[in-house]
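Now for the letters of each chain:
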Amino acid sequence: MDDSYFSQFINDPSQENFAELRNAHLQSGYDPYSSELEGIDQLLKEAKFEEVVARIKQVMTPNFLLSPSTHLRLAAAYEGTGDQEKCELERAIGRALIKGIQESGKGTPEEPYKVTRTSDEYDLLYFEGLKFESQSLREVDGRRMDVLKTKEGREIWFDVSDLLAAIKAKLTKKGPQ
């Protein structure tokens, strides 16, 4: 993916720039269900900040580049190392990505939010102060939707058609094992 899309979005986190960045990211061959950062929260709890920074930087592109929570974890790690400037930058990126998701739709079946990882769905709930209750996958007008129900009684809709297409394309490229 061309880094200019990311820079353009960070400099101007508009709905249009998020859509362009997201579309470029979807074409990058990333894995929306990758798990390279499994265990990263434990490392943060153990105050292994340098290790967290190294691991996240190693896998940020392409799989986690648009993940708000990954940028916020990196911010926490930078804060732990004492690098306040990088901490603030990563926080700003995380907030901009949440704003991009929020502006990508209304969270309704007619105008679902658009994400690049299912973890983005939970990031949005967290930032909006909502508590997760359940998740279901539904099809509406040929689009695949994750529907998250919250303990507050809301249903938040996310169009995951592109994520499923990305994983299908990745599996098709691999071929039979």
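Below, the structure is looked at part by part. Sequence positions are assigned chain by chain, starting from 1 and proceeding in written order. Totals for whole chains, interfaces and linings use every residue, but because this is a predicted model, local features are given only for residues with pLDDT of at least 70 and side-chain atom pairs only at 80 or more, for both listing and counting. Each side-chain value is derived from all of the structure's non-hydrogen atoms; neither hydrogens nor water enter the calculation.

**Quick word on the packing of aromatic side chains**
The geometry of an aromatic ring pair is captured by the separation of the ring centres together with the interplanar angle, meaning the angle of the planes. Ring pairs shown here join Phe, Tyr and Trp side chains whose ring centres sit within 6.5 Å, with only the six-membered ring taken for Trp; geometry is labelled stacked below 30 degrees between planes, edge-to-face above 60, and tilted in between. A full pass over the atoms with the stated rule returns four aromatic pairs. Ring geometry for Y113 against F158: centres 5.7 Å apart, planes inclined by 45°, an arrangement best described as tilted. Residue Y113 is located in strand 1 (residues 113-114), and its partner F158 is located in strand 4 (residues 155-159); the two are separated by 45 residues in the primary sequence. Pair check on accessibility: Y113 and F158 agree, each one buried. Numbering of helices and strands runs from the N terminus, with a helix taken as a DSSP run of H or I at least four residues long and a strand as a DSSP run of E at least two residues long. Exposure is judged per residue with a 1.4 Å probe applied to protein chains only, and the accessible area is read against the type maximum: over 50% gives exposed, under 20% gives buried, and values in between give partly exposed.

**Things to note about unusual backbone geometry**
With an omega dihedral of 5°, the bond running from T61 to P62 counts as a cis peptide bond. One can find P62 in helix 4 (residues 49-64). The backbone of A47 shows a phi angle near 60°, a positive value even though the residue is not glycine. Inspection of the secondary structure assignment puts A47 in the loop between helix 3 (40-45) and helix 4.

**A closer look at the sheet that holds strand 2 (residues 132-140)**
Here, any two strands with at least 2 DSSP bridges between them count as paired. Strand order in the open sheet formed by four strands is 1-4-3-2, and the pairing between neighbours is mixed. The sheet is open, and its two borders are formed by strand 1 and strand 2, each paired with just one other strand. Pairing of strand 2 with strand 3 (residues 143-150) involves eight bridges; the strand directions are antiparallel. In the sheet register, L137 faces strand 3, and the bridge partner there is D146.

**Describing the environment of T116**
Within the element layout of this structure, T116 appears in the loop between strand 1 and helix 7 (118-127). For the pair T116 and D159, spaced 43 residues apart in the sequence, the C-alpha separation amounts to 9.7 Å. Contacts: residue pairs with any heavy atoms within 4.5 Å of one another. What T116 contacts, discounting residues up to four positions off in sequence, is R22, H25, Y30, P32, L66 and L163.

**So, the packing of helix 6 (residues 84-103) against helix 7**
Comment: axis = line fitted to C-alpha atoms, over the contacting stretch for helices; angle = value between 0 and 180 degrees taken between N-to-C directions. Running from N to C, helix 6 and helix 7 point in directions that differ by 100°, and their axes come no closer than 10 Å. Taken together, the axes of helix 6 and helix 7 lie roughly perpendicular to each other. Here I98, I101 and Q102 of helix 6 come into contact with helix 7, specifically with D120, D123, L124 and F127. What sets the label is the angle itself: under 35 degrees gives roughly parallel, over 145 gives roughly antiparallel, 65 to 115 gives roughly perpendicular, and the rest give oblique.

**Focus: the side chain of R117**
Structurally, R117 can be placed in the loop between strand 1 and helix 7. Charge convention: Lys and Arg are scored as positive, Asp and Glu as negative, and His as well as the terminal groups of each chain are ignored. Here, a salt bridge means any side-chain nitrogen of Lys or Arg that lies within 4 Å of a carboxyl oxygen of Asp or Glu. Although buried, R117 forms no salt bridge, and the nearest oppositely charged side chain, D120, lies 5.3 Å from it. Polar contacts, as counted here, are pairs of nitrogen or oxygen atoms within 3.5 Å of one another; within protein the pair requires one atom able to donate a hydrogen and one able to accept it, and residues that are adjacent in sequence qualify only if both atoms are side-chain atoms. Side-chain polar atoms of R117 contact the backbone oxygen of S34, separated by 2.9 Å. Other than its neighbours up to four places away in sequence, R117 contacts D31, P32, Y33, S34, N63, F64, S67 and L163.

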